[in-house]
Each structure stands twice: as C-alpha cells, then as structure tokens.
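Per-entry structural report
Residues per chain, in single letters:
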Amino acid sequence: MAERACQRCKYISYDKKCPICDSETSSDWSGLIVVTDPDNSKLAEELNITMPGRYALKVNK
Ligand SMILES: [Zn+2]
C-alpha cells in the first residue's frame, strides 16, 4: 500500500484521513523529512510541525 501525505500538515501515514489533523491525505507527494524533536528543530518550526513523525515537503491534491 502506498504511503499518503496530509494535504494540510503534510504528515505521512497510510490513512485516508490524517491521524493528526483529520484532513484528507493524498498519495501524490514528494520530498520527505523526518522530525524527531520538533521543539528543538528550526525546520520543524518553519514548517509548523509540532508532532514527531515523517512529513512530505510537497503534497499535490
Ligand atoms: Zn494532517
């Protein structure tokens, strides 16, 4: 099964709805960043990421 990325927060999961923000996910995404410690990550801050996890850089609808 293909991984999917949330259209709003870009969190990557296998679900049709994002487990974090409940928005729809898309199987058409690119780029990948892994956030392990969002409180101490400048990148996470820039991307408004507050939960550890894997995120797409770009998500198409
Ligand atoms: Zn989301």
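Presented here is a report on the structure given in the accompanying data block. Because the structure is a prediction, the values reported are computed rather than measured. (Residues numbered from 1 in each chain as written. Predicted model: local features only at pLDDT ≥ 70, side-chain atom pairs only at ≥ 80, totals over all residues. Heavy atoms only, no water.)

Looking at the coordination of the zinc ion
In the first shell of the zinc ion, the protein supplies C6 (SG), C9 (SG), C18 (SG) and C21 (SG), at 2.2 to 2.3 Å from the metal. The site at the zinc ion holds four donor atoms, and with the angles between them running 100 to 118°, its shape is tetrahedral. We note that the donor set of the zinc ion lies within a single chain, spaced as C-x2-C-x8-C-x2-C. With a gap of 15 residues between them, C6 in strand β1 (residues 4–6) and C21 in the loop between β2 (12–13) and β3 (25–26) connect regions that are remote in the sequence. Given the relative accessible area of 0%, C6 is considered buried. (Donors = N, O, S within 2.8 Å, 3.2 Å for Na, K, Ca; no water. Tetrahedral: all angles 85-135°; square planar, octahedral: opposite > 155°, others 65-115°. Helix = DSSP H or I, 4+ residues; strand = E, 2+ residues; numbered from the N terminus. Buried < 20%, exposed > 50% of the residue type's maximum accessible area, 1.4 Å probe, protein only.)

Here's the deal with the nonpolar core
Counting eight residues, the largest nonpolar core consists of C6, Y11, C18, I33, V35, A44, I49 and Y55. Other than its neighbours up to four places away in sequence, I49 contacts I33, V35, P38, A44 and Y55. (Core = buried A, V, L, I, M, F, W, Y, C linked by side-chain atoms within 4.5 Å. Contact = heavy atoms within 4.5 Å.)

Some words on the pattern of salt bridges
Tallying each qualifying case throughout the model produces one salt bridge. For R54, the salt bridge goes to E3, with nearest N and O atoms at 2.2 Å. Linking R54 in strand β6 (residues 53–55) with E3 in the segment before β1, this pair joins segments that are 51 residues apart in sequence. Under the relative-accessibility criterion, R54 is labelled partly exposed at 33%. (Salt bridge = Lys/Arg side-chain N within 4 Å of Asp/Glu carboxyl O.)

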